[in-house]
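# Close look at the chain arrangement
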Amino acid sequence: MPEEAGFPPAKKFRPSAGPPSRAGSCPPGRRAVMLLAAGGGGGGGGRRQQPSLAQPSASPYPEAVEQQRRNLPIFQARGQLLAQLRNLDSAVLIGETGSGKTTQIPQYLYEGGIGRQAIIAVTQPRRVAAISLATRVSDEKRTELGKLVGYTVRFDDVTSDDTKIKFLTDGMLLREAILDSLLRKYSCIILDEAHERTIHTDVLFGVVKAAQKRRKELGKLPLKVIVMSATMDVDLFSQYFNGAPVLYLEGRQHPIQIFYTKQPQHDYLHAALVSVFQIHQEAPSSHDILVFLTGQEEIEAMSKTCRDIAKHLPDGCPSMLVLPLYASLPYAQQLRVFQGAPKGYRKVIISTNIAETSITITGIKYVVDTGMVKAKKYNPDSGLEVLAVQRVSKTQAWQRTGRAGREDSGICYRLYTEDEFEKFEKMTVPEIQRCNLASVMLQLLAMKVPNVLTFDFMSKPSPDHIQAAIAQLELLGALEHRDGQLTLTPMGRKMAAFPLEPKFAKTILLSPKFHCTEEILTIVALLSVDSILYNPPSRRDEVQSVRKKFVSSEGDHLTLLNVYRTFKNTGGNKEWCKENFVNSKNMMLVAEVRAQLRDICIKMSMPILSSRGDTENIRRCLAHSLFMSTAELQPDGSYATTDTHQPVAIHPSSVLFHCKPACVVYTELLFTNKCYMRDLCVVDAEWLYEAAPDFFRKKLRTARN
DNA sequence: GAGCACTGC
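Residues numbered from 1 in each chain as written. Chains lettered and ligands numbered in written order. Predicted model: local features only at pLDDT ≥ 70, side-chain atom pairs only at ≥ 80, totals over all residues. Heavy atoms only, no water.

## Quick notes on the overall build of chain A
- Secondary structure summary: chain A contains 26 helices and 25 strands in total.
- Among the 705 residues that make up chain A, the fraction classed as buried is 55%.
- Contacts in chain A between residues far apart in sequence, at least 24 positions, make up 75% of those at least 6 positions apart.
- Accessible surface computed for chain A: about 30,700 Å², of which carbon and sulfur atoms make up 50%. (Helix = DSSP H or I, 4+ residues; strand = E, 2+ residues; numbered from the N terminus. Buried < 20%, exposed > 50% of the residue type's maximum accessible area, 1.4 Å probe, protein only. Contact = heavy atoms within 4.5 Å. Areas by Shrake-Rupley, 256 points an atom, 1.4 Å probe, with all protein chains shown as cover.)

## Quick look at the protein's contact with DNA strand B
- Near DNA strand B lie 34 residues; those nearest to it are Arg127, Arg154, Ala327, Lys374 and Thr672.
- Here the atoms of DNA strand B within 4 Å of the protein split so that 58% fall in sugar or phosphate, with bases taking the remainder.
- Within the backbone of Arg154, one N or O atom sits 2.9 Å away from a phosphate oxygen of DNA strand B.
- Per-element tally for the surface near DNA strand B: the top contributor is helix α6 (residues 170-179), with 3 residues.
- Broken down by class, the residue content of the surface near DNA strand B amounts to 13 nonpolar, 13 polar and 8 charged. (Near = heavy atom within 4 Å. Polar contact = N/O pair within 3.5 Å; in protein donor to acceptor, adjacent residues only side chain to side chain. Nonpolar A, V, L, I, M, F, W, Y, C, P; charged D, E, K, R; others polar.)

## Thoughts on the nonpolar core
- Counting 110 residues, the largest nonpolar core has Met441, Leu444 and Ile508 as its most contacted members.
- Every residue in contact with Leu444, bar those within four places of it in the chain, is listed here: Val203, Val207, Val449, Val452, Phe455 and Phe457.
- Counting residues in each nonpolar core, the second largest holds 33 residues, with Leu109, Tyr151, Cys188 and Ile226 among its members. (Core = buried A, V, L, I, M, F, W, Y, C linked by side-chain atoms within 4.5 Å.)

## A short note on unusual backbone geometry
- Of note in the backbone geometry, Phe581 takes a positive phi value of approximately 50° without being a glycine.
- Of note, Phe581 is situated in the loop between α22 (574-579) and α23 (584-603).
- With phi around 60°, Ser605 is a residue other than glycine that occupies positive phi space.
- When you line up the elements, Ser605 lands in the loop between α23 and α24 (616-625).
- A relative accessible area of 63% means that Ser605 is categorised as exposed.

## A few points about the environment of Ala388
- Mapped onto the secondary structure, Ala388 falls in strand β17 (residues 384-391).
- Each C-alpha atom, one on Ala388 and one on Lys376, is 6.4 Å from the other, the two residues being 12 residues apart in sequence.
- Residues contacting Ala388, with those up to four places away along its chain left out, are Val373, Lys374, Ala375 and Lys377.

## A look at the environment of Tyr366
- Inspection of the secondary structure assignment puts Tyr366 in strand β15 (residues 364-369).
- Owing to a relative accessible area of 9%, Tyr366 belongs among the buried residues under this scheme.
- Once residues within four sequence positions are removed from consideration, Tyr366 is found in contact with Ile279, Ala283, His287, Asp288, Ile289, Leu290, Ile411 and Tyr413.

## Things to note about the pairing of strand β12 (residues 288-292)
- The buried fraction of β12 is high, at 5 of 5 residues.
- Here β12 shows a buried face lined by Asp288, Leu290 and Phe292 and a second buried face lined by Ile289 and Val291.
- Alignment of β12 against β15, held across 5 bridges, turns out to be parallel. Bridging across to β15, Phe292 finds its partner in Asp369.
- One ladder, built from 4 bridges, connects β12 with strand β14 (residues 345-351); its direction is parallel. For Phe292, the partnering residue across the bridge sits in β14 and is Ser351. (Pairing = 2+ DSSP bridges.)

In structure tokens:
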């Protein structure tokens, strides 16, 4: 069995040194400072990312905390770092995992009296990271969270007038920029995890750069910008920030052995299975395995197969605890990956790329990387977003490998050949080039960016891509041309106030006209979080019979509304959710989102009415705001979108899957094996015509007859 | 006729 995957002798490397070159990757001709070369293991904090589900605990001994700070490798570079950063407007800081840069740099700046005139901001792509980092740093400063050190994430602002070091999500800082595009509250902005290239961080690059320049011109408090990244490949960052110097920090990572396959693997699932049991039969049971696959279905199937095989292993072989892990898995089941396995059991965690960055599991000795990932691609020609299984990038492969060496030396099995690896894309395409830009454009316009068409993105989306977003905003009535420039209409300005996709903001803003704002708030909140419906594949029949009582023949929006209403009316709790196959975590989130949206409506003095039992008004309102996302039944029984006549199908998750309504609006198109419409609502074709006569003048034919 | 990577405001 071991030979089947065909692994040649291993290569050794230190993961965050990453791709082959290390010292050599310092861009030539640029001022580079190698700040530190301290190594060695040993305890101590400074681990940046805590597992998202287990909050770090504060150390009971303050002296120990201070000692831990001093033990971090970065401490020896403190003086040198401060001297550098004091004089720079912008800097790029490369730090290996475990260097402690995220927790220490803000404190060094503050202690060194840099940026004390205002707030030092540190952005994070994820909420949990912002919260746990703020907790950690306020512990280290021996202050109460929310005083000197605080955090701001959606629904949760733990800051005060005393706050000088503030951790926040990148999306939150972007929201703040709508209110003040010069970000005057801040003396220093640290954009952390920049290598992840989230859409928010990418927009912030441009916003922060512009604010820095503008503040200088106006003679205001200078803005210091520090970009922090884990990859050595930082040419882009440095170039973008006017050749900002690159500072390098070493961290502590443990060596990891890498095995490639000898032959390309046609069946990566089979190869993964073989590798798992090869390791299982050879390694001590305390060594856990992390396997990267692409999605829920695949993971559930593989989990079952592993459990079945594990039942029939020879004597003396350890037992196996197989744990699936993916985002839509209920919270309680996700938690199991952090619990220790019973004695004599080996944990085998089978995960999506959620374990690449978002969830850090300790004690992983082996990583099995299939080299595959399910990811969204954007096709600017068709404007379609496609969700497809594809090869990972090199950066992603290194990230996966690094998950094996967090506490001790590790081993990574790559289920592809070294030649194949060399052909992987160097970097993952940044999110900003892969998704619909309507929200981004709306936000930039709300910040009064002089010309959104030529905005200074680090990695520019194609002009088609930007144009498609502008066209969508125009259809929604958000834009006007004034003095040869694009600006927001009053409607557009209101839309920008909502933390929503523009079309959903428009739905809310139209709802008073249809007297159904209460219902629309619920529906939009339901659509803007992950599905509240939990569908364990093994209990499909049970799910269907329980769900029957909620189903509306008018579509998914009204079905979801029924679920939410019943939940509220019966004083819904976790027990109710469990009985009704509802994801309680997402349900709680819906209530929070709804409250936030309702507050925004109230601040705008919008009348908030309920349509009571009338569902027609709700459907009319959806028709009037989602008119660009409609499909009609064709004579042959299939569906085609109204605008481009793209063939589409009703997604199997829809309550309308077995029905054939003449005309529907949908909230999302998803291309997998086919082009599927998700979240449908039955509408009358006439309403669409009322909503946008120009748009439909030529397009609506069949359904009206 | 049969299926949903991951964040975030």
